[in-house]
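Results of the structural survey
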Amino acid sequence: MSVLTDGDRINLPLSLRQNGGFHLGTKWYLRGWTPLPYQYLFHHLTQMDATFLAGIAAGKTTTIAASYVIDSITTPYFRTLNTSISARQAELPFEMIMTWIEDNPNLEHLVDNITLRPFPQIDWKNRSYNAFRTMGKDARLIRGEEYDRINVDEGGFNPTDEALKVLRGRLRGERPTGIKRMGRMDVVTSPTAVPWLKTRFYKGDPAHASADLKHYFSIRARTRDNTHLTEEQIDAMERMYPSEMIAVELDAEFPDFGFGLYPESCVAACTDFLLNEEINAAVRTDDGKIKPGYRLEEDPRHGIYRLEFPYKPKGLYIAAGDPGVDNPPRRNAGAV
């Protein structure tokens, strides 16, 4: 027996991307939510590589959550993955989608199953699914599956684009219906100074000399572009930030740190992604019990801020500090 309601028979065809109906789908299935113009544009892009730079509260998590849901419920066997170097960041769209599903008669009946471990996944009755999981070093944890769409959430915090190269290999194949998978790679992120992100963004920027708009498209959304925010809310943010933070955090401009940065190769040499894999395996266990001695606290925007591992008697431990000359969250604040 079909699970489709009379409302589904009307709204699912209208919501198809080839019919330009993203806004119609979100209105019916996502509790009346209406996309802003740049969110609508992001969903309907036809390029295989999309980049979305966003200021605070510009709605990038909501954009991914809504776009992936509408594609999934309108297209059988559609598979999406939201991934990040931080498990907390990878799972944020899942939490958003759950608020749309719970007690929603227009959407809840289309859900087949929801699992939380070893990572969150929503299975739809049309055999589509949305997965939310950390990638590990250079996306080594994302193997074997084929996807229609993958989003590298807060991708600008990856020091290199090696993970994107691995993930591109997962965007292939055909659905059981015989239709080729969409194969679209999304990078939705706050702006950072990593060179590969700038290069990717400029390839999709119509105003840039290196633009390749056949394959890439880029969107920049400022905090002020979100018309759901009040002027008072935005003014309060601006009063708290120095000018260089306003450019990055609110206007989604690439940071300009001058020539005082360490070379990227030096930073990469100090980064051990195996620690991410170890801590995620310890705190996100199948039985939900955190292994003794481990502790992980994360902020969705800035990543991990507390990381604890069990004491190793033969380990070498180094403490370092920089007194700084300013106060958090300003640059050059003290740090240990």
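Concerning the sheet that holds strand β3 (residues 111–115)
Judged by pairing direction, the sheet is mixed, and its eight strands sit side by side in the order β3-β4-β5-β2-β6-β7-β1-β8 without closing on themselves. The open sheet has two free edges, formed respectively by β3 and β8 (216–221), since each of these has just one partner strand. Taken over all neighbouring pairs, the strand axes of this sheet differ in orientation by 15 degrees on average, direction set aside. As judged from the six bridges shared by strand β2 (residues 79–84) and strand β5 (residues 129–134), these two strands associate in the parallel manner. In the sheet register, Thr83 faces β5, and the bridge partner there is Arg133. Each of β1 (49–54), β2, β4 (121–124), β5, β6 (149–153) and β7 (184–189) touches helix α4 (residues 60–74); the most contacted strand, β6, lies at about 165 degrees to it. Of the strands in this sheet, β2, β3, β4, β5 and β6 touch helix α5 (residues 87–101), which is tilted by about 150 degrees from β5.

Let's talk about the packing of α4 against α5
When two helices pack together, their arrangement is given by the angle between their axes and by how far apart the axes lie. Relative to each other, α4 and α5 sit at 65 degrees, their axes nearing to 9 Å. The element α4 and its partner α5 pack so that their crossing is right-handed. Here Thr61, Thr62, Ile64, Ala65, Ala66 and Val69 of α4 lie close against α5, whose contacting residues are Leu92, Pro93, Met96, Ile97 and Trp100. Within the contact of α4 with α5, the residues separate by chemical class into nine nonpolar, two polar and no charged.

Rules used throughout
- Residues numbered from 1 in each chain as written.
- Predicted model: local features only at pLDDT ≥ 70, side-chain atom pairs only at ≥ 80, totals over all residues.
- Heavy atoms only, no water.
- Pairing = 2+ DSSP bridges.
- Helix = DSSP H or I, 4+ residues; strand = E, 2+ residues; numbered from the N terminus.
- Axes fitted to C-alpha atoms, helices over the stretch in contact; angles between N-to-C directions.
- Contact = heavy atoms within 4.5 Å.
- Left-handed = near helix turned anticlockwise from the far one by under 90°.
- Nonpolar A, V, L, I, M, F, W, Y, C, P; charged D, E, K, R; others polar.

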